[in-house]
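Fold and geometry: a report
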Amino acid sequence: MSLMQDYRFEPQKGIEFGLYSLGDRMPDPLTNEVASEKQRIDELVETATFAEEAGLDYFGLGESHQEYFVSQAHAIILGSIANATHHIKIGSGATILSTSGPVRVFENFATLDLLSDGRAELVAGRASRLGLFKLLGYNLEDYEDLFEEKFKLLLEIANHPKVTWSGKFRAPLENAEVLPRPLNEKMPIWRAVGGSAQSSIKAGKAGVPMTVAMLAGPVSRFKETIYYYRQSLRLSGYDPTDFPLTTGGLFYTAKDMPTALREYYPRLNISMARTNGYGFNKRLFAMQRDPEEVMAIGDPDEIVEKLIYQYEQFGMQRYIAHIDFGGIPHKKVMEEIETIGTKILPKLRKYTQTNESQALKKGGMEK
């Protein structure tokens, strides 16, 4: 069995397509209506269930400990999703390991893997929104060191049922047994990267699969990040073709590109201002109509063209769409899933089933 199969991928079936959410509970910028916390959690479960029905491969849920979000306890919601679904892979998008205990994180996700009959994945990331450091009692000055130490401990726990460990940020462990274990003793653990070459090099050195979040910008920028990741794998003694890659980003479909741009920009701009304190640059947004920009926006055929181009450049095994950011009504989210299942995914799979080896060679194996 190849390492790719260990990570539960079957390249001969073509690219996987999934969704991810941060549990957005923002007011609709057009109507100012906002769902209750319970309604949004119920909608997340319904979104994942419908994604499975539409033939999608993965649903990821992240945590964001601030106003306008509802999935702070994302592992619990994923447990409900595990109970409501049967086939779709489920995971984090991402788990903020810097402000969490690796022992508890592993316990939670190993339990999720058992509940889901072996469908769980853990994506560990740092925080892009930093308020949770104060909320959870961590020093922001330790931002880098916290994550690196905790990620190493997480991998130790995943690879060894009993762990002896000492570090800077927690009490030592001596022959500690961390239970439960995943269903088949192995569970995919990914490193989330926001486009930084330095982070992608660290993912390669650790010998773990990588998830790249792409907000906006040219494909060439992220291809360089992926190139450094695969070079780092090779220099660390690994075969890059053994390690799957996930890319993902903002996603919005409409009847044509002008409509997509007109409808999506107010939502994106206002929601970014609410969460980050500043809006989304309008000129940068307008550039996303270009097929060589990463944001998946436009009519279904334009999105297929964009994702095929990214596949040829990156050679990724999975693409995940962020389709609910910006107070988008749940009805529209469900329509997006139906569009993916009927108009986008069949074309992507048909193309990637026949072009897998060529795309991997181009996709970051060459600079």
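Okay, so let's go over this structure. As the structure is a computational prediction, the values presented were derived from the model and not from experiment. (Residues numbered from 1 in each chain as written. Predicted model: local features only at pLDDT ≥ 70, side-chain atom pairs only at ≥ 80, totals over all residues. Heavy atoms only, no water.)

Moving on, we get to the overall build of the chain. Scanning the chain for helices and strands turns up 12 helices and 12 strands. Along the first, second and third principal axes, the C-alpha atoms of the chain reach 60 × 45 × 40 Å. Of the contacts made within the chain by residues no fewer than 6 positions apart, 73% connect residues no fewer than 24 positions apart. Each charge class in the chain can be summarised by its mean position, and for the 43 positive and 48 negative side chains these summaries are 3 Å apart. (Helix = DSSP H or I, 4+ residues; strand = E, 2+ residues; numbered from the N terminus. Contact = heavy atoms within 4.5 Å. Lys, Arg positive; Asp, Glu negative; His and termini not counted. Charge placed at Lys NZ, Arg CZ, Asp CG, Glu CD.)

Under the definition given, this model contains 12 aromatic pairs. Taken together, a centroid distance of 4.9 Å and an interplanar angle of 20° make the contact between Y252 and Y264 stacked. Residue Y252 is located in strand β10 (residues 245-253), and its partner Y264 is located in helix α9 (residues 257-276); the two are separated by 12 residues in the primary sequence. A residue is classified by how much of its surface remains accessible, and Y252, at 4% relative accessible area, is buried. (Phe/Tyr/Trp six-rings, centres within 6.5 Å; stacked < 30°, edge-to-face > 60°. Buried < 20%, exposed > 50% of the residue type's maximum accessible area, 1.4 Å probe, protein only.)

With that out of the way, let us pick up the side chain of T247. Position of T247 relative to the elements: it lies in strand β10. Its relative accessible area of 0% is what places T247 among the buried residues. Excluding residues within four positions of it along the chain, T247 makes contact with V212, M214, I226, F314, M316, R318, Y319 and I320.

Once that is clear, we can look at the environment of F133. Within the element layout of this structure, F133 appears in helix α5 (residues 131-136). Note: C-alpha distance between F133 and S98 (35 residues apart in sequence) is 8.5 Å. Filtering out sequence-adjacent residues up to four positions away, F133 remains in contact with S98, T99, A127, Y138, N139, L140, Y143 and L146.

For the rest of this paragraph, the subject is unusual backbone geometry. Cis geometry is found at the peptide bond from G93 to A94, where omega equals 5°. Considering the arrangement of structural elements, one finds A94 in the loop between β3 (89-92) and β4 (95-96).

The next thing to look at is the packing of helix α7 (residues 197-206) against helix α8 (residues 219-235). At a minimum axis distance of 7 Å, the contact between α7 and α8 shows a crossing angle of 30°. The pairing of α7 with α8 is recorded here as roughly parallel in orientation. Crossing angle aside, the handedness with which α7 passes α8 is right-handed. For the pair α7 and α8, the contacting residues are A197, S200, I201, A203, G204 and K205 in the first and T225, Y228, Y229, S232 and L233 in the second. (Axes fitted to C-alpha atoms, helices over the stretch in contact; angles between N-to-C directions. Parallel < 35°, antiparallel > 145°, perpendicular 65-115°, else oblique. Left-handed = near helix turned anticlockwise from the far one by under 90°.)

Turning our attention to the pairing of strand β2 (residues 58-61). Side chains Y58 and G60 of β2 all project onto a buried face; the interleaved residues F59 and L61 project onto the opposite face, where all are buried too. Each parallel crossover has a hand, and the one from strand β1 (residues 16-21) via helix α2 (residues 37-53) to β2 is right-handed. Traced from β2 through helix α3 (residues 74-84) to β3, the parallel crossover comes out right-handed. (Right-handed = clockwise from strand over helix to strand, strands pointing away.)

Attention now goes to the pattern of salt bridges. Applying the stated criterion across every chain, the model contains 15 salt bridges. Among the salt bridges present, the one from K13 reaches E10, with a minimum N-O distance of 3.2 Å. Look at K13 and you get partly exposed, because its relative accessible area is 48%. Between R40 and E43 there is a salt bridge, with its nearest N and O atoms 2.9 Å apart. Note that R40 and E43 are positioned in helix α2 at a spacing of 3 residues, about one turn of the helix. Here E43 falls in the buried class, since its relative accessible area comes to 10%. What emerges from the salt-bridge pattern is a single network uniting E16, K89, E121 and R318. (Salt bridge = Lys/Arg side-chain N within 4 Å of Asp/Glu carboxyl O.)

To continue, consider the nonpolar core. Nonpolar side chains in soluble globular proteins tend to be buried together. Ranked by size, the top nonpolar core spans 104 residues in total, and within it F17, L19 and F251 carry the most contacts. Setting aside its immediate chain neighbours within four residues, F251 contacts F17, A296, I303, Y319, A321, H322, I323, E336, I340 and I344. Judged by nonpolar contacts, the second largest core, of 6 residues, contains A127, F133, Y143 and L146. (Core = buried A, V, L, I, M, F, W, Y, C linked by side-chain atoms within 4.5 Å.)

Along the chain, the position of E52 falls in helix α2. Summary of buried charges: E52 has no salt-bridge partner, and the nearest side chain of opposite charge, R119, is 4.4 Å away. At 2.4 Å, the side chain of E52 and the backbone nitrogen of H87 are in polar contact. Once residues lying within four places of it in the same chain are set aside, the contact partners of E52 are T85, H86, H87, I88 and R119. (Polar contact = N/O pair within 3.5 Å; in protein donor to acceptor, adjacent residues only side chain to side chain.)

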